[in-house]
Amino acid sequence: MIQRIQTVFLAIVAILHICLFFVPFWVASNPIGAHISLDAAGVDGANLNTVKNLVLGYGASAIKITIINIVIVFGALATIFMYNNRLMQIKFVRFLMLIVLILGVLMVMSAENVNSLLSGLRFDSSYSFGIAFPLISIILLFMAAKRIRHDENLVRSADRLR
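Quick look at the structure, then.

The rules we used
- Here the residue numbering is sequential within each chain, running from 1 through the sequence in written order.
- At least 70 in pLDDT is required for a residue's local features to be given in this predicted model, at least 80 for side-chain atom pairs to be given and counted, and no such filter applies to totals for whole chains, interfaces and linings, which use all residues.
- For side-chain calculations, the full set of non-hydrogen atoms in the structure is used, while hydrogens and water are omitted.
- What makes a nonpolar core is a set of buried Ala, Val, Leu, Ile, Met, Phe, Trp, Tyr and Cys residues whose side-chain atoms join them at distances within 4.5 Å.
- Exposed residues in this analysis have more than 50% of their type's maximum accessible area, buried residues have under 20%, and partly exposed residues fall in between, with area computed by a 1.4 Å probe over protein chains only.
- Numbered from the N terminus, helices here are DSSP runs of H or I no shorter than four residues, and strands are runs of E no shorter than two.
- What makes two residues a contact is simply this: any of their non-hydrogen atoms within 4.5 Å.
- We define a salt bridge as a contact between a side-chain nitrogen of Lys or Arg and a carboxyl oxygen of Asp or Glu at a distance within 4 Å.

1. Observations regarding the nonpolar core
Next, step 1: Among the nonpolar cores identified, the biggest contains 38 residues, and Phe25, Trp26, Ile65, Ile72, Leu103 and Leu141 are the most heavily contacted of them.
Next, step 2: Of all the elements in the fold, those that place two or more residues in this core are helix H1 (5-19), strand S1 (26-29), strand S2 (35-39), helix H3 (59-80), helix H4 (86-117) and helix H5 (133-161).
Next, step 3: Counting residues per element, this core draws most heavily on H4, which supplies 10 residues.
Next, step 4: In this structure Leu103 touches His17, Leu20, Ile65, Ile68, Asn69 and Ile72, once residues within four positions along its chain are discounted.

Shown next as structure tokens:
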């Protein structure tokens, strides 16, 4: 049933991960005026050639983060339309929870990697609020799995009454 609350939870997960393409999860700046931010689309704002060359090694992690983020978006949207098979829907939600956890770890590792590359250039870095999106997604996916399980139990109890 598309109108159930788990659909809202899964839609919010998809929207959060679409926003992750535009919201940075790590930012850095230095007194000279160079500004760098990392989001799911890659490095943004690196306006010094030396900084661009240093951060160039981040490309492999950016591709992994982009691909995983796209998988999460399409996985959440596909899970919404699996309402006829609730057990498969629960399995997909659990799989998405694992993928979101991997994404969060990759985001932290890539931010720390770029931070270590820029440590000699006097950059002040910090995590942005985009780093919380995977945690929020895991909570929403957990709540969706709980509600899907509740619906499955409700259907089974109704079948016993027949």
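2. Quick word on the environment of Phe25
Next, step 1: For Phe25, the location among the structural elements is in the loop between H1 and S1.
Next, step 2: As for Phe25 and Ile131, which are separated by 106 residues in sequence, their C-alpha atoms are 4.6 Å apart.

3. Details of the pattern of salt bridges
Next, step 1: Counted according to the given criterion, the structure contains three salt bridges.
Next, step 2: Close ionic contact of Arg86 with Glu152 constitutes a salt bridge, the shortest N to O distance being 2.8 Å. One end of the pair, Arg86, is in helix H4; the other, Glu152, is in helix H5, with 66 residues separating them in the sequence.
Next, step 3: Across the pair Arg156 and Glu152 runs a salt bridge whose closest N-O atoms are separated by 3.1 Å. With a gap of four residues between them, Arg156 and Glu152 both fall in helix H5, about one helical turn apart.
Next, step 4: Look at the salt bridges and you will find they share partners, linking Arg86, Glu152 and Arg156 into a network.

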